[in-house]
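The residues making up each chain are set out below.
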Amino acid sequence: MPMDSQIIQRIVAESRKRQRPAGCHGYEHTERVMELCKRLGVQLKADMSVLLPAAILHDVSREEENHSEQGAAEAAKILEEVGYDTGEIPLICEAIRAHSFSRGERARTLEAMILSDADKLDAMGAVGIYRTALYSGEHMRPVEEFIEHFHEKLLTLKDLLYTDEARAMAEERHRYMLNYMEEFMRELRAEA
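Residues numbered from 1 in each chain as written. Predicted model: local features only at pLDDT ≥ 70, side-chain atom pairs only at ≥ 80, totals over all residues. Heavy atoms only, no water.

**Observations concerning the overall build of the protein**
Note the following rule: Strands here mean DSSP runs of E at least two residues long; helices mean DSSP runs of H or I at least four residues long; both are numbered from the N terminus. Each radius of gyration is computed over the set of C-alpha atoms, and the globule rule expresses the reference value as 2.2 Å times the number of residues to the power 0.38. Residues are treated as being in contact if the distance between any of their heavy atoms lies within 4.5 Å. A 1.4 Å probe and the Shrake-Rupley method give the accessible areas. Residues count as covered only by the protein chains that appear here. Residues scored as charged are limited to Lys and Arg (positive) and Asp and Glu (negative), so that His and the chain ends carry no count. Charged side chains are reduced to one point each, which is NZ for Lys, CZ for Arg, CG for Asp and CD for Glu.
Scanning the protein from terminus to terminus reveals 9 helices and 0 strands. Listing every helix and strand of the protein by position from the N terminus yields α-α-α-α-α-α-α-α-α. For 192 residues, the compact-globule estimate of 2.2 N^0.38 gives 16 Å, and the C-alpha radius of gyration of the protein, at 17 Å, lies within 12% of that figure. Along the first, second and third principal axes, the C-alpha set of the protein runs to 60 × 35 × 25 Å. For the protein, contacts bridging at least 24 residues in sequence account for 66% of all contacts bridging at least 6. A total of about 9,700 Å² of accessible surface is found on the protein, and carbon and sulfur atoms cover 50% of it. Computed over 25 positive and 36 negative side-chain charges, the separation of the two mean positions in the protein equals 1 Å.

Put into structure tokens, the structure is as follows:
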């Protein structure tokens, strides 16, 4: 289906209504994921009429316990309400369901792989450090938990990416995080 810009604008408006504007999982994260999906989607010749709505709606239920499953259900409602092609809604919802790091579901379509990769890329590098610091502040986490998050999640992400294009982008982001952690630990030990 050719994408109708007015329908896309309505999907964006619905996504914005359901998300905080800022924060580690705020709408600004969604915007970065959308841009990464556009870049990867063009390179990999993805179906943008599936990928773009999935990126816009991937975190509409972020505050729910199982946000990817709840988000897929909420996305289906939104897409039906705005008149999106009903044949593509299941593919969009599948991509949303498979994007979550914590859920661990394997992506089966190119669009789901790209969304998963874009979401993980936004958790890496300088932006990933920024988001982790925001999350730590939002949840009053001590410095030890901030450090644990790097080892439990952020430094594992490059090995979880599906596409060669995303893995190439991840190399520099991963290296940046390693350098940051080295300097951070030196400063914590008062060595720098």
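Resuming the write-up.
**So, helix H1 (residues 5-17)**
Defined as follows: Every helix has an expected span of 1.5 Å times one less than the residues it contains. Categorising residues by exposure relies on relative accessible area from a 1.4 Å probe, with only protein chains included: less than 20% of the type maximum marks a residue as buried, more than 50% marks it as exposed, and the intermediate range marks it as partly exposed. It is the directions from the helix axis to the C-beta atoms whose arc is reported. N or O atoms closer than or at 3.5 Å make up a polar contact, with two conditions inside protein: a donor-capable atom paired with an acceptor-capable one, and, for residues adjacent in sequence, both atoms drawn from side chains.
With 13 residues, H1 extends 18 Å between its outermost C-alpha atoms, agreeing within 8% with the 18 Å of an ideal straight helix rising 1.5 Å per residue. Where H1 is concerned, the buried positions are Ile7, Ile8, Ile11, Val12, Glu14 and Ser15. Mapping the buried residues of H1 onto a view down its axis gives an arc of 165°, with all of them on the same face. Exposed positions of H1 whose direction lies more than 90 degrees from the buried face are Ser5, Gln6, Gln9 and Lys17. Elements in contact with the buried residues of H1: helix H2 (27-44), helix H3 (48-57) and helix H4 (67-81). Of the residues that open H1, the one with a side-chain oxygen 2.8 Å from the backbone nitrogen of Gln6 is Asp4.

**Some words on the pattern of salt bridges**
Heads up, the condition is: The salt bridge criterion pairs a side-chain nitrogen of Lys or Arg with a carboxyl oxygen of Asp or Glu, the two atoms within 4 Å.
As enumerated under the stated definition, the model contains 17 salt bridges in all. A salt bridge links Arg18 to Glu14; the shortest N-O distance between them is 2.6 Å. The class of Arg18 is partly exposed, set by a relative accessible area of 29%. Salt-bridge contacts for Lys158 lead to Asp159; the nearest nitrogen and oxygen are separated by 3.4 Å. The exposure class assigned to Asp159 is exposed, which follows from its relative accessible area of 58%. It is possible to trace a salt-bridge network through shared partners that takes in Glu14, Lys17, Arg18, Glu74 and Lys77.

**Examining the nonpolar core**
Quick note on the threshold: Definition used in this section: a nonpolar core is a set of buried Ala, Val, Leu, Ile, Met, Phe, Trp, Tyr and Cys residues joined via side-chain atoms within 4.5 Å.
Judged by nonpolar contacts, the single largest core of 56 residues is most densely connected at Ile11, Ile56, Leu57, Leu115 and Leu121. Of all the secondary-structure elements, those providing two or more residues to this core are H1, H2, H3, H4, helix H5 (89-98), helix H6 (110-121), helix H8 (143-152) and helix H9 (164-188). A total of 8 residues in this core trace back to one element, the largest contributor, which is H3. Discounting chain neighbours no more than four positions away, the residues touching Leu121 are Leu36, Leu40, Leu161, Ala166, Met169, Ala170 and Arg173.

**Details of unusual backbone geometry**
For Lys45, which is not glycine, the phi dihedral falls at a positive 60°. Relative to the elements of secondary structure, Lys45 occurs in the loop between H2 and H3. Here Met140, not a glycine, exhibits a phi torsion of approximately 55°, which is positive. With respect to the secondary-structure elements, Met140 resides in the loop between helix H7 (125-138) and H8. Residue class for Met140 comes out exposed when judged on its relative accessible area of 72%.

**Overview of the side chain of His29**
Mapped onto the elements of the fold, His29 is located in helix H2. Looking at His29, the relative accessible area reads 0%, which means it is buried. Only 3.2 Å separates the side chain of His29 from the side chain of His58, close enough to count as a polar contact. A polar contact is formed between the side chain of His29 and the side chain of Asp119, at a distance of 2.9 Å. Discounting chain neighbours no more than four positions away, the residues touching His29 are Cys24, His58, Asp59, Asp119, Asp122 and Arg131.

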